[in-house]
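Inside the fold
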Amino acid sequence: MRHFTGGFLLAFLITACKTAAPIVQQTPPKPVILTLGNKAFTTDDFFQSFTKNQLSSDSAQRTDVQSYFELYTNLKLKVLAAEYEGRDTTEAFREEMSTYRKQLAQSYLTDKVLVESLAAEAYQRMQEEINVSHILIPVSEYASPEDTLAAYQTILSLRRQAQNGEDFAKLAREHSQDVTTAKAGGDLGYISTFSVVYPLETAAYSTPTGGISQPVRTKFGYHLVKVNNRRQSQGRVRVAHILVRISPAANEAGQKAAQERIDAAYARLQKGEPFEQVCRQLSDDVTSKTNGGILPMFEPGRWVPAFEDAAFSLAKPGDYSKPVRTNYGWHIIKLVERKGLDTYTTLGPALRQRVTTDSRADILRQSTVQRLRKEYSVQEDKALLESALAKADTNLLHGQWRYAEQLEPNLQNKTLVTINKQPYTVNQFFAYVRQRQQPQRNPVLATAFGNNSTTGAADHIVGGSPTVAMSRLFDRFVGDQVIAMEESNLDKKSPEFRALISEIRDGVLLSQVMEQNVWERSMVDSTGQKQYFEQNKSKYRFAERALSTVVVAQNDSLLKQATSMLSGRPPYQLRRSAAPLLFEKNQTTLTASLRETLFDILVVMGTNPDYVVEVSGSHDPTESDSVSAGRIRTVVSYLQKNGVSLNRIMEKDFQGARPGGTKETQRNVAFQYFSNAKEDVAKVVNSKYLLPATAPRPEGNAPVGVTIITGLFAQGDNPYLDSINQWKVGNTTLHRANKAISVMIDRIEPARTKTFAEARGTVINEYQATLEKQWLAQLRQTYPVKVNEEEIRKLVK
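Presented here is an overview of the structure given in this document. (Residues numbered from 1 in each chain as written. Predicted model: local features only at pLDDT ≥ 70, side-chain atom pairs only at ≥ 80, totals over all residues. Heavy atoms only, no water.)

This paragraph deals with the overall build of the protein. Counting secondary structure elements, the protein contains 29 helices and 23 strands. Whereas a compact globule of 797 residues would reach a radius of gyration of roughly 28 Å, the protein reaches 38 Å, over 25% beyond that. Judged by the C-alpha coordinates and their principal axes, the protein covers about 150 × 90 × 55 Å. In the protein, which comprises 797 residues, the share counted as buried stands at 42%. Of all intrachain contacts in the protein linking residues separated by at least 6 positions in sequence, the fraction that spans at least 24 positions is 73%. (Helix = DSSP H or I, 4+ residues; strand = E, 2+ residues; numbered from the N terminus. Rg over C-alpha atoms; globule rule 2.2 N^0.38 Å. Buried < 20%, exposed > 50% of the residue type's maximum accessible area, 1.4 Å probe, protein only. Contact = heavy atoms within 4.5 Å.)

Pasting the structure below:
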């Protein structure tokens, strides 16, 4: 018996030794707050979604737990329906999610500390502007070590000469191959943050005034940077300009004519004519002349130096420069507004975005790749890599490299690099090269040898070493793979990323099923719309309304101008004219100069679709009536052939002398603009309106003297109409808040029920809500809803 007991205990112990395992703490299941059919949703999932909603910047979206739970349930029901239909398995869905995933992953892959550091550095540099010159010795990005060394030695030699007293500007003129600055002694003018590539910017900000930097390597080659001067930030300015363009091919007579035009414009300004008026009549900048020549706000480094120097030298708004010559032509520049540098709190978001998209992005990528290479083991087959790189030829530098699909046995499907135990073959790398290769695009290099380059020089320009180019692509290939690997692991590493991707996924599926079951159906189901309208007809009514035009002006004079122009039926005369065409005696044909004048009219008519142009012709006493008629026909035919329809042209033949003109000016065709749009009346009045000197200038292109609003207004739609005790047809003049107002009532419409066409937009919105309610009721039957009330009570507390 004792033997049996001992044997039994021994057997028990042996069995226990075989089956016993380390004690593992069992993670208790997460509490479920909602079940839809067979799918459960935990309290944590719901609470995370609810918390995000509460933190939303849009306070209108915030709600309490119970209300949000209802919204959450409806959302999950719709997503469940989409999953049941297999919408999350389609190729289109996978592609869309892949795009969203890559976009979202960027912020998780980028070194946020480095981004902040670069943004702060950029802001610090923005406090100062630096006047610099540079010398460029071009060398290909893919240059061989020998070519790189040769360029480096050349730039070092030039630096020694400059330090030994040689004039830097002279060295730049003789040796620099930056064709845009060499003739000017390498002068880049004043630069600030982001105005040049980051390595050059860093060299400028790191070199003392009067000093010459060490050689700086960029994708263009090697540079020397000389710092000529420093100044505090000039901030940003908004200017207006009058431009007299000079063609690059203009001869001496053409250049003289341009200077005479700009001098005439300057003389008119000196006599007191408004800048906006002179600009509108004389400026060749068609994009800005209609708004008084005003340009977008800019900081130093955005325009050519001569233009910037003149703009930033203007002391106060309203001051204008003497004529300034640039490579575009002659300018007269007026200061409109000057702003200092905003705080870092204000500029920070834009700077963080900017540093991720300019040349600093390369630094951010290198930082990310270096970090990930430490995390994911990268093992390269050096010997195999050398063999693979040897397959590069000069076609790679032109972006035209090809390879045989069946490689040599020593390369075919051989593992070139292993990343985190994942092998990548030579074939995969070559496919990557073929897809990513690009011809070199370096305009500095392309012009460095002139237009008469020999074939050898051209090859050198495209240049560099194919092996070096292939090696750079290999580094890029490895970097892309480790980034892709990190991206695929973000779900495991970041709960926040996982939650956002889940939210985006649900949003895409929700959009698809809502489109099919609610939005599209409500739009195409005209029978259902009309039935819903008939059932709820009493809801859709117009109150009493007045068909009115409301003119609000800064003063009585402007109000009188606007209402006078609006009197009568359209088209309204705009009191805006174009330059007349002056003809020789008995001439009816268009010369080249006359056609050039007509081009301005084509531009105006093209950019103002409601305009109508009146073409009026006259002749001197020695010409017959048929001459003025012929001139009008010629002009109208030209306008019609160039896109101005006949219904936008009015003809007026004086059949003789035009009132108030000299004999020479009678032989002309003149132009007056009209418009069918009241808004154009406001634009014309505003174009002539000058703000009082003490008034603040609003943000935007031009001061606003008059606004014109037309429509059918009910009580509560317009405050000026509301202030009239009893509406009646006619004009009422008001004065409110230092404004002069004219309310012109053309017709009063009594209250009535809307037609289906008038109510259709509201009907569709309400019909959508009805369809959605019906659909959700069906979903609740298909996927029974089970709510854990105890969990909700815990959250409510």
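There's plenty left to go through after this.
Judged by pairing direction, the sheet is antiparallel, and its three strands sit side by side in the order β2-β1-β23 without closing on themselves. Whereas interior strands pair on both sides, the edge strands pair on one side only; in this sheet they are β2 (39–42) and β23 (785–787). Strand-to-strand twist across the sheet, computed as the mean angle between neighbouring axes with direction ignored, equals 20°. Lying on the sheet, helix α29 (residues 789–796) is in contact with β1 (32–36) and β23; it crosses β1 at an angle near 135°. (Pairing = 2+ DSSP bridges. Axes fitted to C-alpha atoms, helices over the stretch in contact; angles between N-to-C directions.)

Here we come to the sheet that holds strand β11 (residues 415–419). In spatial order, the strands read β10-β11-β12; together these three strands make up an open sheet with antiparallel pairing. The strands lining the two open edges of the sheet, one partner per strand, are β10 (378–380) and β12 (422–425). Each strand of the sheet is rotated relative to its neighbour by a mean of 20°, with strand direction disregarded. Relative to β11, β10 runs antiparallel, the two being bridged by three bridges. Note that in β11 the partner of Val378 across the bridge is Ile419. Contacting β11 and β12, helix α15 (residues 426–436) crosses the sheet at an angle of about 60° to β12.

In an α-helix there are 3.6 residues to a turn, and that puts residues three or four apart on one side. With twelve residues, helix α12 (residues 344–355) ought to run about 16 Å at 1.5 Å a step, yet its terminal C-alpha atoms sit only 14 Å apart, falling short of that. Buried within α12 are the following residues: Leu347, Gly348, Leu351 and Val355. Buried residues along α12 cover an arc of 125° about the axis, so they all sit on one side. If you follow the buried residues of α12, they end up packed against α5 (112–125) and α13 (361–375). (Expected span 1.5 Å × (residues − 1). Arc of directions from axis to C-beta.)

The subject of this paragraph is the environment of Ile745. As for its placement among the helices and strands, Ile745 is situated in strand β21 (residues 739–749). Residues Ile745 and Trp727, 18 residues apart in the sequence, show an inter-C-alpha distance of 7.9 Å. Here Ile745 is in contact with Ala546, Leu547, Ser548, Leu721, Trp727, Lys728, Val729 and Gly730, once residues within four sequence places are set aside.

Bringing the packing of α5 against α12 into the picture now. Put simply, α5 and α12 touch, their axes get as near as 9 Å, and they point 120° apart. Here α12 runs oblique to α5, going by the angle between their axes. The hand of the α5/α12 crossing is right-handed. When α5 is examined against α12, the residues Val115, Glu116, Leu118, Ala119, Ala120, Ala122 and Tyr123 are found in contact with a partner set consisting of Tyr344, Leu347, Leu351, Arg352 and Val355. Considered class by class, the residues forming the contact of α5 with α12 number ten nonpolar, no polar and two charged. (Parallel < 35°, antiparallel > 145°, perpendicular 65-115°, else oblique. Left-handed = near helix turned anticlockwise from the far one by under 90°. Nonpolar A, V, L, I, M, F, W, Y, C, P; charged D, E, K, R; others polar.)

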